[in-house]
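# Observations on the model geometry
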Amino acid sequence: MKLLVTTALEETWGKDEDIVFLGEWCRLYSRRDSYDKRNHEVLPYHWDDRKKAYNDYKYLKLLNKKITSELKIILNALHGKDYSERIWSILIGHWLVKFTAVVFDRWVMIENAEQNYTDLTTNVLNIDYDTCVPNSSIDGVEFLFSDKWNHFLCSEIIKRSTNIEVTKTSNELQVNNIYDVAETSLKTKLKSKVRSVFSYIQNTIFRSGTYVFKSTYLSVLDQLKLNISLGLSVSNIDTHTPHIIDCNNSFRQWIINDNTASEFEKIVFELLPVCMPKTYLEGFAVCDKKWRSKLYINRTKVIFSSNSHYYDDNFKTYIMHEVKQGAKLILGQHGGGALNRYEDVMDLELLIADKYLSTGSLNTKRDKKIIDIGQLFNRQKYNKYDKNGGALLVTVAMPRYHFSLFSAVIAGQMLGYFEDQFDFYNSLTDEIKKQLNVRLYHGDYGWEQRQRWLDYYPGVKFDTNRKMDKSVQQSRLIIGTYAATTYNETLASNIPTIIYWNTEHWELSAESDLFFEELKRVGIFHTTPQSAAKQVVKIWNDIDQWWYDRELQNVREKYCRAFAYRPKDLVQRIKKVLVEEKDKYGS
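What this report covers is the structure whose coordinates are included nearby. Bear in mind the structure is a predicted one, so any value in this text is a computation, not a measurement.

## Regarding empty space enclosed by the protein
- Applying the stated criterion to the full structure yields 4 cavities of 30 Å³ or more.
- Element by element, the count of residues in the lining of the largest cavity is highest for helix α17 (residues 485-492), at 3 residues.
- The computed volume of the second largest cavity comes to approximately 60 Å³.
- Lining the second largest cavity are Met398, Pro399, Tyr401, His402, Phe403, Ser404, Phe406, Ala408, Val409, Ile410 and Ala411.

Laid out in structure tokens, this is it:
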């Protein structure tokens, strides 16, 4: 018999059985001595087939719509509400689209394991159920990255839908927390306290509440300018993390009934009341009452946020109440640049928002709700870099476990991403290597980025600045390795930039294809690490001659206007949208 191992928790690995690992997430880099001495294999990952990933995305999008329709009825009955699907989606949507995709991913992999091996067994730890129920939305998402929660989820799927032999083990779990929690520094705590005091002062002075802002991404100066231009009618709402809520099974005695449901859908329907965050069930009344009874705002007509609508359940229950009364919800684009080819969270945002503020004109083709505004924030100073500095290689790390279905690197595909970075570095000259700093991603997710680099290249230098804008200003060239915010900021700031990535993994909107072909033609964009490294070597001794070529600058400006616009009249552009939406209040 072979032992199916579903996570990196070695307490489930048995003694000397042959192992089938469910995915690369099981094999921690620092523990390779443990699994290398065992006979083992890793199941092929189903979403390495990118066509399948896109088709599954479309299927899950339809499924989430059906689930939300059913949950509207259930949650309205539980809480005595009359909210629409859209309003409930404000609270539950972000977690739901991730949860269904995660369950689907693990279910497919477990099904594949059972189909490929007829003699599988698996070890299941005795885990306290209450510790696997998230308190709020932010816990619900962070659990998706956790070995412990994923072991719980996979165990539930195996027990409910397979014939795999299950052995309950008494091994003691060596992980105290369900996910790693970074210790908060004193400096961070002080900054948080200062922000709270500043917010309190603002809300004491600015009490109109016609417009309510939270986490807009605007700079303090731009937000103040916007408030003044709106006649000081903006209030900043300050919310806090929901308190710890006790489990109450009376809120979880329900299930979605559908006689046409597939085997997978039946599993999802069974797991929803088991895994749903408490703030949607047991704790909803407390959140709802708190923000209806303590409101200092008389009448809110427009709510504007760029990320608090993801995780802040107290804020989300406030939005629900106000939208029900007729308020308009404006969301700002998280990050920036060309939109992903497909993205579950983006779909949700377009469902719940009245208007969506984007960073460029071509993104508006995705949906009529999208408005061309420009970058809400850009940490880089325009044209500010050191012509005699080194190079900055900006890297990323995606979670070991798949957590959200969008057109980017997923789970074990990170191993190919790491190899690309090492190939790039290896293709540089020794002179350039000495002047290159690698900026590691702030979240490691168990990939052990630093140690991987050191094992390959002991002499590699790492960027030690906490803030990236300082690192950019100290460099002559920025090298982006993934399709996200950083390179859009540096291109918009006219800072010499080279970008490269695997286009089979990082897929952007069709509207951006011609622009990237042009970026490729002038040497900014590359589809292989070797090509990017060759370009760095070619221009290294006179980067400005390359960068300020008239044709390159023309291509850069066209790209930025389409996807990474940095307007001088940003405040007025936002004001126009807010005022227009205010005038539609109640409609």
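## Let's talk about the layout of surface pockets
- Estimated volume of the second largest pocket: approximately 500 Å³.
- Lining the second largest pocket we find 24 residues, and of these Lys61, Lys65, Asp347, Leu348 and Leu351 sit closest to its centre.
- Elements supplying a minimum of two residues to the lining of the second largest pocket: α2 (50-79), α3 (85-116) and α12 (344-352).
- For the lining of the second largest pocket, the element with the most residues is α3, which contributes 8 residues.
- Split by residue class, the lining of the second largest pocket holds 11 nonpolar, 5 polar and 8 charged.

## Digging into the packing of aromatic side chains
- Following the criterion strictly, the structure yields 46 aromatic pairs and no others.
- When the centroid spacing of 6.0 Å and the interplanar angle of 50 degrees are considered together, the rings of Tyr59 and Phe104 count as tilted. Of this pair, Tyr59 sits in helix α2 while Phe104 sits in helix α3, placing them 45 residues apart in sequence.
- The interplanar angle of 80 degrees and the centroid separation of 5.4 Å between the aromatic rings of Phe145 and Phe403 together place this pair among those described as edge-to-face. In this pair, Phe145 sits in the loop between α4 (137-142) and α5 (147-161) while Phe403 sits in the loop between β12 (390-394) and α13 (414-426), placing the two residues 258 residues apart along the sequence.
- The positively charged end of Arg32 is found above the aromatic ring belonging to Tyr29, 3.9 Å away from the centroid.
- One residue, Arg106, lies across the ring of Trp25, its end atom 5.8 Å from the ring centre.

## Concerning the pattern of salt bridges
- Per the stated rule, a full pass over the model turns up 34 salt bridges.
- Two residues, Asp347 and Lys61, come together in a salt bridge whose shortest N-O distance is 3.9 Å. With Asp347 in helix α12 and Lys61 in helix α2, this residue pair connects regions lying 286 residues apart in the sequence.
- By relative accessible area, which is 45% here, Lys61 ends up partly exposed.
- Put simply, Glu156 and Arg160 hold a salt bridge, and the shortest N to O gap is 3.0 Å. One end of the pair is Glu156 and the other is Arg160, both in helix α5 and 4 residues apart, which spans about a single turn.
- For Glu156, a relative accessible area of 14% gives the class buried.
- Arg160 gets classed as partly exposed once you look at its relative accessible area, which sits at 36%.
- Several salt bridges converge on common partners, so that one network encompasses Glu156, Lys159, Arg160 and Glu270.

## Some points on the state of the cysteines
- Under the counting rule described, the total for this entry stands at 0 disulfides.
- Cys132 carries a free sulfur, and the closest cysteine sulfur to it, the one in Cys275, is 8.2 Å from it.

## A few points about the pairing of strand β10 (residues 355-358)
- Because side chains alternate across β10, one face comprises the buried residues Lys355 and Leu357, and the other comprises Tyr356 and Ser358, equally buried.
- Sheet topology note: the strand β9 (residues 328-332)/β10 ladder contains 3 bridges and is parallel. Across the sheet, Leu331 pairs through a bridge with Tyr356, a residue of β10.
- Assessed by its sense of winding, the connection that carries the chain from β9 through α12 to β10 is right-handed.

## Focus: the sheet that holds strand β3 (residues 40-42)
- Read across the open sheet, the 5 strands follow the order β3-β2-β1-β4-β5; overall the sheet is parallel. Every interior strand has two partners, whereas the edge strands, β3 and β5 (165-169), have only one. Going from strand to strand, the sheet's axes swing by 30 degrees on average, the running direction of each strand aside.
- As paired strands, strand β1 (residues 2-5) and strand β4 (residues 120-125) are joined by 2 bridges and run parallel to one another. When the bridges of β4 are listed, Leu3 appears paired with Thr121.
- Where α5 meets the sheet, it contacts β1, β4 and β5, and its direction lies at approximately 130 degrees from that of β4.

## Some remarks on the environment of Phe143
- Tracing the chain through its elements places Phe143 in the loop between α4 and α5.
- Taking the C-alpha atoms as reference points, Phe143 and Val133, 10 residues apart in sequence, are found 9.0 Å from one another.

## Description of the sheet that holds strand β6 (residues 211-214)
- Strand order in this open sheet of 6 strands is β7-β6-β8-β9-β10-β11, and the pairing throughout is parallel. Bordering the open sheet on either side are β7 (234-236) and β11 (370-372), each of which pairs with just one other strand. Across the sheet, the mean angle from the axis of one strand to that of its neighbour is 25 degrees, orientation sign disregarded.

## Quick word on the packing of α3 against α5
- At a minimum axis separation of 10 Å, α3 and α5 run at an interaxial angle of 55 degrees. Considering the angle they form, α3 stands oblique to α5. The two elements α3 and α5 cross, and the hand of that crossing is right-handed. Residues Phe99, Val102, Val103, Arg106, Trp107, Ile110 and Glu114 of α3 lie in contact with α5, whose contacting residues are Trp149, Asn150, Leu153, Cys154, Ile157, Ile158 and Ser161.

Reading guide: rules and limits
- Residues numbered from 1 in each chain as written.
- Predicted model: local features only at pLDDT ≥ 70, side-chain atom pairs only at ≥ 80, totals over all residues.
- Heavy atoms only, no water.
- 1 Å grid on protein atoms, 1.4 Å probe; cavity = no way out; pocket = protein on both sides within 12 Å on 5 of 7 lines; lining within 4 Å.
- Points joined across faces, edges and corners; volume = space filled by probe spheres on them.
- Helix = DSSP H or I, 4+ residues; strand = E, 2+ residues; numbered from the N terminus.
- Nonpolar A, V, L, I, M, F, W, Y, C, P; charged D, E, K, R; others polar.
- Phe/Tyr/Trp six-rings, centres within 6.5 Å; stacked < 30°, edge-to-face > 60°.
- Lys NZ or Arg CZ within 6 Å of the ring centre and 35° of its normal.
- Salt bridge = Lys/Arg side-chain N within 4 Å of Asp/Glu carboxyl O.
- Buried < 20%, exposed > 50% of the residue type's maximum accessible area, 1.4 Å probe, protein only.
- Disulfide = S-S within 2.5 Å.
- Pairing = 2+ DSSP bridges.
- Right-handed = clockwise from strand over helix to strand, strands pointing away.
- Axes fitted to C-alpha atoms, helices over the stretch in contact; angles between N-to-C directions.
- Contact = heavy atoms within 4.5 Å.
- Parallel < 35°, antiparallel > 145°, perpendicular 65-115°, else oblique.
- Left-handed = near helix turned anticlockwise from the far one by under 90°.

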